[in-house]
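Observations on the three-dimensional arrangement
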Amino acid sequence: MDQTVISTEEAKRKSVDELLKELSSNRNGLSSSEAKRRLAQYGFNDIPEKKENPFIKFLSYFWGPIPWMIEVAVIMSAIIRHWPDFWIILTLLMLNAVVGFWEEYKAGNAIELLKQKLALTARVLRDGRWIQIQARELVPGDIIRVRLGDIIPADVKLIDGEYLQVDESALTGESLPVEKGVSDVAYSGSIVRRGEMDALVVSTGVNTYFGRTTRLVEEAEVRSHFQKAIIKIGDYLILLAIMLVAVIFFTAIFRHESIMATIQFALVLTVAAIPAALPAVLSVTMAIGAISLAKKEAIVSRLVAIEEMASMDVLCSDKTGTITKNELTIGDVMPLDRFKDGDVLLFAALASREEDQDPIDNAIINKIKDDKFIIEMLSQFKIEDFKPFDPVSKRTEATVRDKRGRIYKVAKGAPQVILSLVSNRDSVADRVNEYVEASALKGYRTLGVARSDSKGRWRYIGLIALYDPPREDSAETIKTAQSMGVNVKMVTGDHIAIGKEIAHQVGLGTNLLSASSFLEKPDSEAQPIVEKADGFAQVFPEHKFRIVKLLQNAGHIVGMTGDGVNDAPALKQADVGIAVAGATDAAKSAADIVLTKPGLSVIIDAIKQSRRIFQRMNNYAIYRIAETIRVLLFITASIIIFQFYPVTALMIVLLAILNDIPIITIAYDNVKYSKEPERWNMRIILGIATVLGVLGVLESFGILYIGWVVLGLSREVLQSFIYLKLSVAGHLTVFMARTRDHFWSVKPAKPLLLAVILTQLAATLITVYGILLPAMGWGLALLVWGYAFIFFFIIDSSKVYVYRLMNHRGLRFHR
């Protein structure tokens, strides 16, 4: 049997009315046989996850942005039995596939370790008796019992019992528990904070509120900007390679040269031109970055999210649990008549009970913990009786005895309820109403406190304002993000007044709008509203989802932080979805980056690290394009103009090995992160790479002239002479490509410097002593090194001038 919910067969679902009608005739619950039948009909109560076959995932790395030409090259190598080329190309292709698959596989496992089921078991009435079953086996029509601490396993209609207090913060963003009674609906994934009731299961799996949210997650599909950039780079180099190889091929035909030899050389040249190692190097760069981020308490589940975070210019941040602590705190105390602040807190504490773990009680108890005077006064009272909060009276009440033996009552609850209770209501009513209204404008919720005297007459003691405070690091984090060019927008399901007050406290703009301001408008009208707003309040999951899409359509790279189920669709749609510490499983599985450290400060570390990684990838892309132009254009021009093959096929293979594989150490290179969001600016990348490549071609013709005309070297030695120059100058190009200023402006990392020295020492020894290639001696080798260094300084200075020229003309790039 397919163990997934049959979401397409909505017609099979019984309506709530039908289920209630069925319930009225049978209070013993479903029979075991009927439960099995419905389980077969509806499927298990799971939210099905979209999982990829690992083998298919692995194969996908062979068919990425640039691969089809590489596969063709492998096939051609086998056809003409050019086995060295076959194995070299296949090895590079395998390297890319293995690295990409393995790093994402490891990151995926890290996320899997974070995942736990929201509800493992449920108490259900079957065959007239209560039993405990796996929550995933529930079906519509089941009667279950939910109580304190339970995670509700399905959407249910409450049918029996006094009341529940349900924490729906993970679903709606609302901080305070919601009161539920008979006939109310409680949603899957919410947590019971108080009370115990029986409930009728009405929806399971993808038909629940949680499940519908998950559907939105599955609809969210985003194509990586990294993938788009790689496609553009690959297309540019492939097109260039095809054009130049075609020129060589037709030139050979025109000159009646050996077709087989020409195909062989064209094949090897094509392989050298196509950046087979480009995806591998960039994947390794991001993988190393992911490991670094993990040390900073950020687990990366999608490697390309690192590059997206570097480009992020808008951060949509959920309020509850992200900017705020998701815990109630006392914001203000207002005593009435002759009472003082301490009196209000003392009597509020007497009307609270720590073992109930009520959020309001916890806020009061936490407030007085460090007040020695109130703690001492509490020890002088004894609780004779305690009535917990219930939705009918809307207050808690305690009967207390003081040290003199006097007995009286204390109560706390809704201000208007307390006002109706007290005898001094006429004298305090105006002040109470004014305070409640003023607190509401600031987004605070208000609690009234009263006590009775020996004759049972109640007096209003005072009022307490409660709110969900910002995290300690939120304001500083937001300020730092803004200084780095990231526009932070608050997006919350809470009331607009609460959102504005929190926004003010953490340094965000207070131009918060409700979802209705853009909900009914077409995208063309809604887009500028979303862009200009500082944030949004009273929004649902589909609203957050649309906000992210509108910002993306406006050209923004959007990040989304969140912790609740209601954040999951937007986390998935965003270019960078960030699940904060303590997030729900739904948020973690939808996010690209999962924070394991509380607060938002780790996001700043992640942004800085991602921008460093971006710089390394950008530098490598410039180097690889420049190197392809430098080698391919020089070889083609030499063949056409001088009818001379400056290097052999074997030399091209050696260039590919010695210049590309060690360059993977660029992933460890020292770079300066940008103070602004990064973007793949293809005009800058291709422009600078073309300048470096063309100047490199001129440099190569210079060495060809020296070796051929000035020194009169033999054909074989001349080819070794040119090969060494191409190899040495190629790695010197790395040092030019990695900075926008002179090459010495940023010190290279030791792994990169060591890799360059070792590979070029190997290339020199090969040509000096004739290993695989004709020998040419130390004299010519030193000449090549000296020549390459002279042009290194000349071309580097030209590069700096071109960057400044581009900057003067307004082309966007970061230092």
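Residues numbered from 1 in each chain as written. Predicted model: local features only at pLDDT ≥ 70, side-chain atom pairs only at ≥ 80, totals over all residues. Heavy atoms only, no water.

**Remarks on the overall build of the protein**
Where we set the bar: Strands are runs of DSSP state E lasting at least two residues, helices are runs of H or I lasting at least four, and both sets are numbered from the N terminus onward. In this scheme, a residue with accessible area under 20% of its type's maximum is buried, one over 50% is exposed, and one in between is partly exposed, where area comes from a 1.4 Å probe on protein chains only. Contacts are assigned to residue pairs that have any heavy atoms within 4.5 Å of one another. Surface accessibility in these figures is a Shrake-Rupley result with a 1.4 Å probe; residues are shielded only by whichever protein chains are displayed.
When you go through the protein residue by residue, the secondary structure sums to 30 helices and 21 strands. With 815 residues in all, the protein has 56% of them scored as buried. Put simply, of all contacts in the protein between residues at least 6 apart along the chain, 73% involve residues at least 24 apart. Just so you have it, the protein exposes about 34700 Å², and 58% of that area is on carbon and sulfur atoms.

**What to know about the pattern of salt bridges**
Heads up, the condition is: The term salt bridge refers to a pairing of a side-chain nitrogen on Lys or Arg with a carboxyl oxygen on Asp or Glu at a separation within 4 Å.
Tallied over the entire structure, the rule returns 17 salt bridges. The partner of R406 in a salt bridge is D402, with the nearest N and O atoms 2.9 Å apart. According to the relative accessible area criterion, R406 is partly exposed, its value standing at 46%. Exposure remark for D402: the relative accessible area of 9% places this residue in the buried category. A salt bridge links D453 to R457, with the shortest nitrogen-to-oxygen separation between them at 3.2 Å. What makes D453 partly exposed here is its relative accessible area of 23%. R457 gets classed as partly exposed once you look at its relative accessible area, which sits at 47%. The network of salt bridges with common partners includes R145, E196 and D198.

**Describing the pairing of strand β3 (residues 143-147)**
Short version of the rule: One requirement defines pairing of two strands: DSSP has to find at least two bridges between them.
Pairing analysis gives three bridges linking strand β1 (residues 121-126) to β3, with the strands arranged antiparallel. Looking at β3, one finds that V124 is bridged to I144. Note that β3 and strand β7 (residues 191-203) share five bridges and pair antiparallel. Bridge assignment links I144 to a residue of β7, and that residue is A199.

**Concerning the pairing of β7**
Pairing analysis gives ten bridges linking strand β4 (residues 155-167) to β7, with the strands arranged antiparallel. Bridge pairing in β7 places V166 opposite V192.

**Let's talk about the nonpolar core**
Operational definition: Nine residue types can take part in a nonpolar core, namely buried Ala, Val, Leu, Ile, Met, Phe, Trp, Tyr and Cys, and a core is a set of them joined through side-chain atoms within 4.5 Å.
Membership of the largest hydrophobic core comes to 128 residues, with the highest contact counts inside it found for Y460, I722 and Y723. Here this core gets 20 residues from one element, more than from any other, and that element is helix α25 (residues 601-642). Not counting residues up to four positions away in its chain, the partners in contact with Y723 are V647, M651, L654, L655, L658, A763, T767 and L773.

**Details of the environment of F743**
As for its placement among the helices and strands, F743 is situated in the loop between α28 (715-737) and α29 (750-769). With relative accessibility at 18%, the residue F743 sits in the buried group. For the pair F743 and D796, spaced 53 residues apart in sequence, the C-alpha separation works out to 7.0 Å. If sequence neighbours within four positions are ignored, F743 has contacts with F735, R738, F792, F793, D796 and K799.

**Section: helix α19 (residues 496-506)**
Those residues of α19 that sit buried are A497, I498, G499, E501, I502, A503 and V506. Positioned one or two residues after α19, G507 has a phi angle of 85 degrees, which is positive.

**Overview of the sheet that holds strand β19 (residues 558-562)**
Note: strands within a sheet are paired through backbone hydrogen bonds, in either parallel or antiparallel orientation. Short version of the rule: To obtain each axis, a line is fitted to C-alpha atoms, and for helices this fit is confined to the stretch in contact; angles are then taken between N-to-C directions over 0 to 180 degrees.
Ordered in space as β8-β21-β20-β19-β9-β16-β18-β17, the eight strands form an open sheet in which the pairing is mixed. For this open sheet the edge positions go to β8 (298-300) and β17 (512-514), each flanked by a neighbour on one side alone. Strand-to-strand twist in this sheet, taken as the mean axis angle between neighbours without regard to direction, amounts to 20 degrees. By the bridge criterion, four bridges tie strand β9 (residues 314-317) to strand β16 (residues 487-491) in an arrangement that is parallel. The residue of β16 that forms the bridge with L315 is V488.

**What about the packing of α25 against helix α27 (residues 682-710)?**
As a reminder, the rule being used: Put simply, angles under 35 degrees are roughly parallel, angles over 145 are roughly antiparallel, angles from 65 to 115 are roughly perpendicular, and the rest are oblique. Helix crossings fall into two classes, left-handed where the near helix is turned counterclockwise from the far one by less than a right angle and right-handed where it is turned clockwise. Under this grouping Gly is polar, as are all residues other than the nonpolar Ala, Val, Leu, Ile, Met, Phe, Trp, Tyr, Cys and Pro and the charged Asp, Glu, Lys and Arg.
Running from N to C, α25 and α27 cross one another at 40 degrees; their axes reach a closest spacing of 7 Å. When the axis of α25 is compared with that of α27, the two are oblique. α27 is crossed by α25, and the crossing has right-handed handedness. Taken together, the residues of the contact of α25 with α27 sort by class into 19 nonpolar, six polar and one charged.

**Comments concerning the sheet that holds strand β13 (residues 407-413)**
Strand order in the open sheet formed by six strands is β10-β15-β14-β13-β12-β11, and the pairing between neighbours is antiparallel. Only two strands of the sheet have a single partner each, and these edge strands are β10 (329-335) and β11 (382-387). Between one strand axis and the next, the sheet turns by 20 degrees as a mean value, whatever way the strands run.

**Focus: the packing of α25 against α28**
Axis separation between α25 and α28 bottoms out at 9 Å; the angle between their running directions is 155 degrees. By the angle between their directions, the pair α25 and α28 is classed as roughly antiparallel. Note on packing geometry: the crossing formed by α25 with α28 is right-handed. Together, N619, I622, Y623, A626, E627, R630 and F634 of α25 and I722, K725, L726, A729, G730, H731, T733, V734 and A737 of α28 make up the contact between the two elements. Looking at the contact of α25 with α28 residue by residue, the class counts come to nine nonpolar, four polar and three charged.

**Side note on the packing of aromatic side chains**
Remark: the centre distance and the inter-plane angle together describe each pair of aromatic rings, the angle taken between the planes. Where we set the bar: Ring geometry is summarised as follows: Phe, Tyr and Trp rings, the Trp one being its six-membered ring, pair when their centres sit within 6.5 Å, and such pairs are stacked at plane angles under 30 degrees, edge-to-face over 60 and tilted between the two. For a lysine, the NZ atom is tested; for an arginine, the CZ atom; a charge sits over a ring if that atom is within 6 Å of the ring centre and within 35 degrees of the ring normal.
In total, this model carries 16 aromatic pairs according to the counting rule given. Here the aromatic rings of F743 and W744 are separated by 5.1 Å at their centres, their planes lie at 80 degrees, and the arrangement is edge-to-face. Each ring, one from F743 and one from F792, has its centre 4.5 Å from the other, and the planes form 40 degrees; the classification is tilted. Of this pair, F743 sits in the loop between α28 and α29 while F792 sits in helix α30 (residues 777-808), placing them 49 residues apart in sequence. In this structure F792 comes out as buried when scored by relative accessible area, which is 5%. In this arrangement the basic side chain of R145 is found over the ring face of W130, its NZ or CZ atom lying 4.4 Å from the centre.

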